[in-house]
Structures are given as C-alpha cells and as structure tokens.
Amino acid sequence: MKWTRRETVKLILDMEQELNTDNWKTDGIYYWPWFRMQLFSFLVRNLELAEVEGVKTETPNTLAQRFIDSIRQLAKFIRIGRADILFVGAQSHRGVWQGKSYNKFFDPIRLSAEFINLSALAEYSGSTKESAGGARIFSFTDILFLLRFFVAKKKMSPDFAVYRDQVILYLQRRLPDTNTKALVKSVNTYWPLLIRNIRAWKIVLGTLRPKKIITLCYYSQKVYALNAAAAEKGIPVFEMQHGPINPLHLAYGKYETLPQSNSSTLLPASFLVWDKSTQQTLNESFPQKTAVIVGQPWISFLESQVPPMSKKKKIITYAMQPRIAGEFFPSYLLKWIQESSHEYTWWFRLHPRQIDDYDQILAQAQRYLDAGSWEMDQATKLPLPIVLKNTDLVFTFVSGVAIEAAMMGIPVVANHEVAPEYFKQQNKENLVYICSRTDEELSWSELLDKVNNFFVANKSVRVNSYEVMKSILH
C-alpha cells in the first residue's frame, strides 16, 4: 500500500515525543527544526516518491568555474554597499513580464522608487541581463562559497552524533526495510556546512548592515544559516509565503508542542502571508511568532496592468505540479477535458520545476487530446496574474495557485488525498471545491453541476500588498 503524507507526519510527531527532540541543542542552537526537515524530506523522497537522493558534490572543473563566477559576484556585492532591506529568494520565484525577469514576491516592492536604492536582492544564481533591477542583485551562493575559504571547518559535536544515532535507531525500528544511509550522509554533510555558512553570513550582514530581512523558503540549507546569523546580530527575519501552507508540510506545521524549537534561531522571527486561512494555520503552529496578512504582491502588481483577453471559449487553467499525482493526465482528467472541449479551452500551466518535463507533457497532450482543446505555451509563459485574470475555473491537485485564484474570486477544483488539509479553510468558505473519489467517475457535466452548486457568489478579498509591505519595511 502506498505510503502517505499523513503517515510521514505521524511518524515524525511520534518520534518527537518519544525522543524528546525539542530539547536537543548543539553549537548553541536548538536544531530540531533543521533535523526535522532533513528527516521529512528523506521520508517523502524514499517512501512517498520512492526516490533516493544523495548529497550533491562538485567536480574540480565545476569548482574552477565556480571560483571565477564567485569573484565576479564578489565585485558586484561590494558595489552594492549598504542595504537597509535584504531580500533573499531564488530563480524559481521569478516570472517574466514585458521582456524583464521579476522576482514575483519581492520586486513589486523592491523596485519601487521608495525602496530600490535602500535594498538588495540575494538569489542563488545572481542576476542576468533580463533581471529587473539587476544592479542590486547578487548570488549569495557564490559569496558564501568564497567566504567559506576564510571560515574554519567545524567538526561534528559528540552530542549531535548521539542525537543523530537516536533518530536512525528509531527509524530502523519503525521502518526496518528503509535504508537510512542517505539520511546519515546528508546530515553528516550539511550540519557542519550550516555552521560554516552561519559564520559566512555574519560577514555578509556585517557588510550590508540590513535592518530587516525578507526570505522565501526559510527551510533551505543556506537560509537556515542566514536566520541564525541574523538572530545573533539582532536583525529580524520575515518569511514571505510563496505557496500553500498547511500542517502537512512540516516546515510550517505542528510546532505548537515544541516551545524550544518554536524559539530556535534557525526559524524566521515572523511570517508574511497571503490570506486569513494561512494566518490561522501559522498562528496555531507557531504561537510565539506573528503572521501578518500582506496579500500576494505579484497579483497586486500585474492584475490592473492588462485588460482581459478576447476569447472564443471559456478557459480552465490546470495548475500542474511535479510528482504529485504520479502522472500528468490521470484518466478521469482526460475524460473531463475531452467532454468539455466544446465550451472550454484547458490551459496547462507547468510548475517551474516541470520545465524539463515540457517535451514529455507536450507529447502526452498531443497523443491523447484534440488540438483545439488545450494550450500550454501561453499558459506557462504568461505571468500567473494575467493567466488567472482570463481564467473561468482552476483545476489542480494541491497547487498554491488555488489560493491565489480564490483571492481573485475564481472558482477552484482540487483533487488529491491531502487537498482537504491544504485547502480546509477555503473549502469551508466555498472557495475551493474538493473532489471525492466518486467524483472521478462523473461525467464533466455532472461534475460541473456539483461545482456550480458548491460555489456561492464569490467576492475576492483584496489586500494592497505595497501599502502593507511599506508599513512593515519602514
């Protein structure tokens, strides 16, 4: 029987209670939040997705080129000088508009006249010539790479090794058929590296001297280190929402019984969220922190700039996701697309991490579906707010697009075993219809009747992201 996300979460919560992980401390840090996410990712990959992923290493040739790139980034970093506000994100958070590449969550604020010269943006790979405001963007990966040459290596503390072994023994008892070597290798590699990155980040922060830091995906290895470095320097870190947040993602869920972990310096000080539902989730999970509703900046930035398209048929946007359903087009979905094609065009919007799957998805769509029933290029390349502005209905498994569509007053249909957890509040408010297994047997017209009966007059809830963010950043 397929291992589920709920089983992953339950196993980790059981472990936390039995091993009293909340009190684990080494190098002056309550580090269970970090270890918890290494464990969570390991279990998701190996049990839910049946993958094995080792620690990535670089070849000498790669390192040589990396050193050259890092020197270039260092020169750019020095030219930036001070930055009262430091934004930290990734290329996967970018969208293209009018030939320029924008960080969808930061640039609507960062590029305003009020903040462009007071801020800097740190991303994994730095800017390209298409990056808007590229003069104040640098690659923090390259800068940390250089600075680590000046930071002594850190041996793993004996306490950490003891705690690690407790986790492994627990897993071997509960999951005797699971090979834990990859987890051991990952933990042994990344914790000492995280300590070195903390020291490197302190040099970066000492140079930029930011007063506030806004991050995306705080649970990446290098951003954990940034959080700890900022905490040592007394700089508040705000984590901005970039997708659905719910208790089944253990970066955001089930911390309410872990007071030491809740206050760990590896975690951000506060959260900036899109909507009330997410705020409620984080208030429950992190009772010692604050979650502030700021809306979705990319929607606020783009929605008013483009008039609606003229279209021959209504549009259903299928917000796709990598590896979620096990297949791109389940049989029930193919049936619905075929039966609705006289009235709707289905727009297949690929997730940023699915771009490498483009040819495979295209081949399947061409094989199974009539040419006039779907579109993929515009749906993927256009900024999401513009796609949603022209969308009449959204279908997804559990994509965060559902939340953004609901905020714009667009009906959403979600179908996945964890959808009730992901969209609990939106479903209660008749914003997201969650399919049951029996719905998969329905014809399109039968499903549409159920969906139309579910949705009430839906008024979108608007938040002026720029004004809210301005009050936070000042």
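Let us look at the structure shown here. (Residues numbered from 1 in each chain as written. Predicted model: local features only at pLDDT ≥ 70, side-chain atom pairs only at ≥ 80, totals over all residues. Heavy atoms only, no water.)

Here we look at the overall build of the chain
Okay, step 1: The helix and strand tally for the chain stands at 20 helices and 17 strands.
Okay, step 2: Relative to its length of 474 residues, the chain is compact, with a C-alpha radius of gyration of 23 Å against a globular reference of 23 Å.
Okay, step 3: Principal-axis analysis of the C-alpha atoms places the extent of the chain at approximately 65 × 55 × 45 Å.
Okay, step 4: Per-residue burial over the chain gives 56% buried out of 474 residues.
Okay, step 5: Counting contacts in the chain only where the partners sit at least 6 residues apart, residues at least 24 apart contribute 72% of the total.
Okay, step 6: Of the roughly 20900 Å² that the chain leaves accessible, carbon and sulfur atoms contribute 53%. (Helix = DSSP H or I, 4+ residues; strand = E, 2+ residues; numbered from the N terminus. Rg over C-alpha atoms; globule rule 2.2 N^0.38 Å. Buried < 20%, exposed > 50% of the residue type's maximum accessible area, 1.4 Å probe, protein only. Contact = heavy atoms within 4.5 Å. Areas by Shrake-Rupley, 256 points an atom, 1.4 Å probe, with all protein chains shown as cover.)

Points about the pairing of strand E15 (residues 393–396)
Okay, step 1: What you see with E15 is no split at all: Leu393 and Phe395 on one side and Val394 and Thr396 on the other are buried throughout.
Okay, step 2: In this structure, strand E12 (residues 314–319) lies alongside E15, joined through four bridges in parallel fashion. Note that in E15 the partner of Ile316 across the bridge is Leu393.
Okay, step 3: Sheet topology places E15 next to strand E16 (residues 412–414); three bridges connect them, and they run parallel. Across the sheet, the residue bridging to Phe395 is Val413, located in E16.
Okay, step 4: For the segment spanning E15, helix H16 (residues 401–407) and E16, crossover handedness is right-handed. (Pairing = 2+ DSSP bridges. Right-handed = clockwise from strand over helix to strand, strands pointing away.)

Focus on helix H2 (residues 32–48)
Okay, step 1: For H2, with 17 residues, the first-to-last C-alpha span of 22 Å sits near the 24 Å given by 1.5 Å per residue.
Okay, step 2: Across the 17 residues that make up H2, a large majority, 15, are buried. (Expected span 1.5 Å × (residues − 1).)

Quick look at the sheet that holds strand E9 (residues 237–240)
Okay, step 1: Across the sheet, seven strands lie side by side as E7-E6-E3-E8-E9-E10-E11; this open sheet has parallel pairing. This sheet does not close on itself; its edge strands, each paired only once, are strand E7 (137–139) and strand E11 (290–293). In this sheet, neighbouring strand axes are inclined to one another by 25° on average, regardless of whether the strands run parallel or antiparallel.
Okay, step 2: Contacts from helix H10 (residues 276–285) reach strand E10 (270–273) and E11, with the element oriented near 175° to E11. (Axes fitted to C-alpha atoms, helices over the stretch in contact; angles between N-to-C directions.)

Some remarks on the sheet that holds strand E13 (residues 344–349)
By way of backbone hydrogen bonds, the strands of a sheet pair with one another, either parallel or antiparallel.
Okay, step 1: The six strands are arranged E14-E13-E12-E15-E16-E17 in an open sheet whose pairing can be described as parallel. Looking at which strands have only one partner, the edges of the open sheet turn out to be strand E14 (374–375) and strand E17 (432–434).
Okay, step 2: Examined bridge by bridge, E13 and E14 share two bridges and lie parallel to one another. Counted as the bridge partner of Trp347 is Glu375 from E14.
Okay, step 3: With respect to the sheet, helix H19 (residues 444–454) is in contact with E12, E13, E15, E16 and E17, its orientation differing from that of E17 by roughly 135°.

A closer look at the packing of aromatic side chains
Okay, step 1: In the structure shown here, the tally under the stated rule is 45 aromatic pairs.
Okay, step 2: Plain terms: the ring middles of Trp24 and Tyr163 are 4.6 Å apart, the flat faces sit at 10° to each other, and that makes the pair stacked. Of this pair, Trp24 sits in the loop between helix H1 (5–19) and strand E1 (25–26) while Tyr163 sits in helix H6 (residues 158–174), and the two are 139 residues apart along the sequence. There is no split in this pair, since Trp24 and Tyr163 are both buried.
Okay, step 3: Aromatic pair Tyr102 and Trp298: ring centres 5.9 Å apart, planes at 45°, arrangement tilted. Here Tyr102, found in strand E5 (residues 100–103), pairs with Trp298, found in helix H11 (residues 297–302); they are 196 residues apart in sequence, far enough to count as distant. Trp298 carries the same exposure label as Tyr102, and that label is buried.
Okay, step 4: One aromatic cluster is present, formed by Tyr318, Phe329, Tyr332, Trp336, Tyr344, Trp346, Phe348, Trp374, Phe395, Phe397 and Trp444 through successive ring pairs.
Okay, step 5: The ring of Tyr255 has Arg36 sitting right over it, with the charged end atom 4.2 Å from the ring centre. (Phe/Tyr/Trp six-rings, centres within 6.5 Å; stacked < 30°, edge-to-face > 60°. Lys NZ or Arg CZ within 6 Å of the ring centre and 35° of its normal.)

Quick notes on the pattern of salt bridges
Okay, step 1: Using the criterion set out here, one finds 17 salt bridges in the structure.
Okay, step 2: Asp14 is paired through a salt bridge with Lys10; the nearest N and O atoms lie 2.9 Å apart. Taken together, the residues span about one helical turn, with Asp14 and Lys10 both in helix H1 at a distance of four residues.
Okay, step 3: For Asp14, a relative accessible area of 25% puts it in the partly exposed group.
Okay, step 4: The partner of Arg437 in a salt bridge is Glu440, with the nearest N and O atoms 2.6 Å apart. (Salt bridge = Lys/Arg side-chain N within 4 Å of Asp/Glu carboxyl O.)

So, the environment of Ser157
Okay, step 1: Relative to the helices and strands, Ser157 is located in the loop between helix H5 (140–147) and H6.
Okay, step 2: With a relative accessible area of 14%, Ser157 lands in the buried category.

A few points about a nonpolar patch on the surface
Okay, step 1: On the surface, Phe67, Ile71, Phe149 and Phe150 cluster together to form a nonpolar patch covering roughly 480 Å² of accessible area.
Okay, step 2: Looking at the secondary structure, you find Ile71 in helix H3 (residues 60–80).
Okay, step 3: Relative accessible area serves as the criterion here: at 41%, Ile71 is assigned to the partly exposed category. (Patch = residues over 30% accessible without salt bridge, like charges linked within 9 Å, V, L, I, M, F, W, Y side chains within 5 Å.)

Digging into unusual backbone geometry
Okay, step 1: Look at Asn20: it is not a glycine, yet its phi comes out positive at around 55°.
Okay, step 2: Tracing the sequence through the fold places Asn20 in the loop between H1 and E1.
Okay, step 3: At Asn430, a residue that is not glycine, the phi angle is positive and equals roughly 60°.
Okay, step 4: By secondary structure assignment, the location of Asn430 is in the loop between helix H18 (424–428) and E17.

Thoughts on the side chain of Ser139
Okay, step 1: Mapped onto the fold, Ser139 is located in strand E7.
Okay, step 2: On the basis of relative accessibility, which here comes to 0%, the residue Ser139 falls in the buried class.
Okay, step 3: Each residue touching Ser139, except ones within four places of it in the same chain, is listed here: Gln73, Glu123, Tyr124, Ser125 and Gly126.

As for the nonpolar core
Okay, step 1: Ranked by internal contacts, the top residues of the largest apolar core, which has 113 residues, are Tyr31, Trp34, Leu86, Phe138, Leu171 and Phe423.
Okay, step 2: With 12 residues, the top contributor of residues to this core is helix H7 (residues 181–208).
Okay, step 3: Setting aside residues up to four positions removed in sequence, Leu171 forms contacts with Leu11, Met15, Leu39, Phe42, Leu43, Pro176, Thr180 and Leu183.
Okay, step 4: In this structure, Trp336, Ala365, Leu369 and Phe397 belong to the second largest nonpolar core, which totals 31 residues. (Core = buried A, V, L, I, M, F, W, Y, C linked by side-chain atoms within 4.5 Å.)

These figures capture arrangement, not role.
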